[in-house]
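Residue-level listing of the chains:
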Amino acid sequence: MKVDDRVVVQDVQNKSEFVCGTVRYIGPLQVATGEWVGIELTEASGKNDGTVKGQRYFSCPDKYGIFLRREKITRVLAADEP
């Protein structure tokens, strides 16, 4: 997985649904240990705008951003998948 890959993740607001997004950041967060994946979602079902506790990791509209551990990403979409 790399930045700009399209992925499918579980919707944080409705755990029985899934949403698509684009990887915008991979790396550590100032407030948590380990590697995190910052994702810009295609709909406003996220938790932030790419900022966590005042530290910006990527930019997107409010509620379109989310940070997840790599193992929480359901799958990476192929380049030709919608």
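Please refer to the structure placed before this passage.
Residues numbered from 1 in each chain as written. Predicted model: local features only at pLDDT ≥ 70, side-chain atom pairs only at ≥ 80, totals over all residues. Heavy atoms only, no water.

## Considering the overall build of the chain
On a plain count of helices and strands, the chain comes out with zero helices and seven strands. Of the regular secondary structure in the chain, the N- to C-terminal order runs β-β-β-β-β-β-β. Over its C-alpha atoms the chain spans a radius of gyration of 12 Å, differing by no more than 12% from the 12 Å that the globule rule assigns to 82 residues. Counting only C-alpha atoms, the chain reaches 35 × 25 × 20 Å along its principal axes. Counting all 82 residues of the chain, 39% fall into the buried class. Pairs at least 24 residues apart make up 41% of the contacts formed inside the chain by residues separated by at least 6 positions. (Helix = DSSP H or I, 4+ residues; strand = E, 2+ residues; numbered from the N terminus. Rg over C-alpha atoms; globule rule 2.2 N^0.38 Å. Buried < 20%, exposed > 50% of the residue type's maximum accessible area, 1.4 Å probe, protein only. Contact = heavy atoms within 4.5 Å.)

## Focus on the packing of aromatic side chains
Under the defined criterion, the tally for this structure stands at four aromatic pairs. Here tyrosine 25 and phenylalanine 67 contribute two aromatic rings whose centre-to-centre distance is 6.4 Å and whose plane-to-plane angle is 70 degrees, an arrangement assigned as edge-to-face. Residue tyrosine 25 is located in strand E2 (residues 18-29), and its partner phenylalanine 67 is located in strand E6 (residues 65-68); the two are separated by 42 residues in the primary sequence. Between the aromatic rings of phenylalanine 58 and phenylalanine 67, the centroid separation amounts to 5.4 Å while the plane-to-plane angle is 55 degrees, which identifies the pairing as tilted. Each member of the pair phenylalanine 58 and phenylalanine 67 is classed as buried. Connected via pairs of aromatic rings, a cluster forms that spans Tyr25, Tyr57, Phe58 and Phe67. (Phe/Tyr/Trp six-rings, centres within 6.5 Å; stacked < 30°, edge-to-face > 60°.)

## A look at the environment of proline 28
Assignment of secondary structure puts proline 28 in strand E2. Overall, the relative accessible area of 53% leaves proline 28 in the exposed class. C-alpha of proline 28 to C-alpha of tyrosine 57: the two residues are 29 residues apart in sequence and 9.7 Å apart in space. Leave out the neighbours within four places in its chain, and proline 28 touches Gly34 and Tyr57.

## Focus: the nonpolar core
Counting residues in each nonpolar core, the largest one holds ten residues, listed as Val7, Val9, Val19, Val23, Val37, Ile39, Leu41, Ile66, Leu68 and Ile73. Every element with two or more residues in this core is listed here: strand E1 (6-10), E2, strand E3 (32-41) and E6. Broken down by element, this core gets its largest block of residues, three residues, from E3. Setting aside residues up to four positions removed in sequence, valine 19 forms contacts with Val7, Val8, Val9, Asp11, Leu41, Glu43 and Ser45. (Core = buried A, V, L, I, M, F, W, Y, C linked by side-chain atoms within 4.5 Å.)

Just geometry here; none of it tells us what the structure is for.
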